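Here is how the chains run, residue by residue.
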Amino acid sequence: FNTIVLVVGSYWSYYYARLTLRSIKRALDAQKQFSADASHELRTPLTAMRTEVEVALSQRKLDQKQAVNILRSNLEEIIYLQQLSEGLLNLQRPAARLELNPVNLNKLITLAINQVSNLAKSKKIKIRL
């Protein structure tokens, strides 16, 4: 009888341990994916800002209008990064709720094109909307 209890108990312990580990593995995988996504979202505007500044610095004659446009574009990226970091902080709060808002795709696409337009020009790539 003791042997049967030992074998059955071992089986159930193994089964529940695996079940628990699956949940932990899913949580870790979700955390890794979230970290990768957050990292990508942070790198994209930083790369756009860096590229704009590098292209501007490589130009021998940078006029004031071009400099102002680059500064405005970088300011937009900074605002986006602030909103992103605030969103990440809100997710850490226990009672965090996500708000769903409508998105203007034309404006979003235009912003994305503006982010990479200087890099595209430097590589002689034309972007059409």
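Calculation notes
Residues numbered from 1 in each chain as written. Predicted model: local features only at pLDDT ≥ 70, side-chain atom pairs only at ≥ 80, totals over all residues. Heavy atoms only, no water. Salt bridge = Lys/Arg side-chain N within 4 Å of Asp/Glu carboxyl O. Helix = DSSP H or I, 4+ residues; strand = E, 2+ residues; numbered from the N terminus. Buried < 20%, exposed > 50% of the residue type's maximum accessible area, 1.4 Å probe, protein only. Phe/Tyr/Trp six-rings, centres within 6.5 Å; stacked < 30°, edge-to-face > 60°. Lys, Arg positive; Asp, Glu negative; His and termini not counted. Contact = heavy atoms within 4.5 Å. Axes fitted to C-alpha atoms, helices over the stretch in contact; angles between N-to-C directions. Parallel < 35°, antiparallel > 145°, perpendicular 65-115°, else oblique. Left-handed = near helix turned anticlockwise from the far one by under 90°.

(A) Fine view of the pattern of salt bridges. What the rule picks out here adds up to two salt bridges. A salt bridge links Lys 25 to Asp 29, with the nearest nitrogen and oxygen atoms 3.0 Å apart. Taken together, the residues span about one helical turn, with Lys 25 and Asp 29 both in helix α1 (residues 2–58) at a distance of four residues. Two residues, Glu 54 and Arg 50, come together in a salt bridge whose shortest N-O distance is 2.8 Å.

(B) Main features of the environment of Phe 1. With respect to the secondary-structure elements, Phe 1 resides in the segment before α1. By relative accessible area, Phe 1 is classed as exposed at 77%. Phe 1 sits 84 residues away from Ser 85 along the chain, and the two C-alpha atoms are 60 Å apart.

(C) Broad picture of the packing of aromatic side chains. Tallied over the entire structure, the rule returns four aromatic pairs. Geometrically, the ring pair formed by Tyr 15 and Tyr 16 is edge-to-face, given 5.3 Å between the ring centres and 70° between the ring planes. Owing to a relative accessible area of 35%, Tyr 15 belongs among the partly exposed residues under this scheme. A network of ring pairs unites the aromatic residues Tyr 11, Trp 12, Tyr 15 and Tyr 16 as a single cluster.

(D) A look at the side chain of Glu 77. Considering the arrangement of structural elements, one finds Glu 77 in helix α2 (residues 64–92). Within the buried set, Glu 77 has no salt-bridge partner at all; the shortest N-O distance to an opposite charge, 13 Å, is to Lys 107. Apart from residues no more than four positions distant in its own chain, Glu 77 is found in contact with Pro 45, Met 49 and Gln 115.

(E) View of unusual backbone geometry. Look at Lys 124: it is not a glycine, yet its phi comes out positive at around 60°. On the secondary structure map, Lys 124 appears in the segment after α3 (105–122).

(F) Summary view of the packing of α1 against α2. At a minimum axis separation of 10 Å, α1 and α2 run at an interaxial angle of 165°. Our classification of the angle between α1 and α2 gives roughly antiparallel. The element α1 and its partner α2 pack so that their crossing is left-handed. Of α2, the residues touching α1 (which contributes Phe 34, Ala 38, Glu 41, Leu 42, Pro 45, Leu 46, Met 49, Glu 52, Val 53 and Ala 56) are Ile 70, Ser 73, Asn 74, Glu 77, Ile 78, Tyr 80, Leu 81, Leu 84, Leu 88 and Leu 91.

(G) The arrangement of the environment of Ile 70 in detail. Mapped onto the elements, Ile 70 comes out in helix α2. The spacing of Ile 70 and Asn 118 is 48 residues in sequence and 9.4 Å in space, taken between C-alpha atoms. When near neighbours in sequence (up to four residues on either side) are disregarded, Ile 70 contacts Glu 52, Ala 56, Leu 62 and Asn 118.

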